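Fold and contact review
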Amino acid sequence: MVGRRPRNIEATRTAILEAARRLFTEHGYGGVGVREIAESAQADKALITRYFGSKAGLFAEAVPATFAPGALVEGDRADFGRRIATHIVEYSAALDFDPMAATIRSLPDRDASEQLRAGFEEKYIAPLAEWIGGDDAPRRAALLVAQMMGMTIAVNVLSLTPLTDLGKDELIDLLAPIFQSLVEETG
């Protein structure tokens, strides 16, 4: 059992999830196999099937299950746009697990993209829509998530110079009203 962890179901399950999150962040769903995840977690690959059912089951728990608006909807509604903009602009690419990077890198895979869509709708868009309120709240929540994803890609993945040349405060000031407009009452 050289290179394997001692027998502890919860610790092994956690190690597999952490390894999967890191590897899905780096390589996406299609770029990593069960064997690599198991090796990184120092676990037998059969445990992935036992604990998660399949690679797809592991992905569902490792990435879409982590989606949640959390702290972004806590606090004063009037500052929501600024909280979102700050979250995007002050993002750290040095994270071992980045749900956005894992999402972007996994989109080409049909199974992963379906899980991501369902995860965003259930765990992000539905809670945001409830928080936003009103008849068109689901549509505004979906637009908000799309804006967040697009800006995250533009600023943190592509580092588009017209945006990244701005200072952090200037960029936050530019983005905040865009996000705020999607949670304000219309009509």
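An account of the accompanying structure is given in this report. On a predicted model such as this, the values are computed, not experimentally measured, just so you know.

**Considering helix α4 (residues 55-62)**
Of the positions making up α4, those classed as buried are Lys55, Leu58, Phe59 and Ala62. Here the buried residues of α4 occupy an arc of 100 degrees about the axis, which is enough to place them on one side. Taken together, the buried residues of α4 touch α1 (9-27), α2 (34-41), α3 (46-52), α6 (99-106) and α7 (110-132). At the N-terminal end of α4, a side-chain oxygen is found 3.3 Å from the backbone nitrogen of Ala56, two or three residues along, and the residue is Ser54.

**A word on the side chain of Thr25**
Along the polypeptide, Thr25 turns up in helix α1. Discounting chain neighbours no more than four positions away, the residues touching Thr25 are Asp96, Phe97, Asp98, Ala101, Ala102 and Arg105.

**Topic: a nonpolar patch on the surface**
On the surface, Val157, Leu158 and Leu160 cluster together into a nonpolar patch covering about 270 Å² of accessible area. With respect to the helices and strands, the residue Leu160 is situated in the loop between α8 (137-157) and α9 (161-164). Taking relative accessible area as the criterion, Leu160 reaches 38% and is therefore assigned partly exposed.

What counts as what
Residues numbered from 1 in each chain as written. Predicted model: local features only at pLDDT ≥ 70, side-chain atom pairs only at ≥ 80, totals over all residues. Heavy atoms only, no water. Buried < 20%, exposed > 50% of the residue type's maximum accessible area, 1.4 Å probe, protein only. Helix = DSSP H or I, 4+ residues; strand = E, 2+ residues; numbered from the N terminus. Arc of directions from axis to C-beta. Contact = heavy atoms within 4.5 Å. Polar contact = N/O pair within 3.5 Å; in protein donor to acceptor, adjacent residues only side chain to side chain. Patch = residues over 30% accessible without salt bridge, like charges linked within 9 Å, V, L, I, M, F, W, Y side chains within 5 Å. Areas by Shrake-Rupley, 256 points an atom, 1.4 Å probe, with all protein chains shown as cover. Salt bridge = Lys/Arg side-chain N within 4 Å of Asp/Glu carboxyl O.

These values are about where atoms sit, not about what they do.
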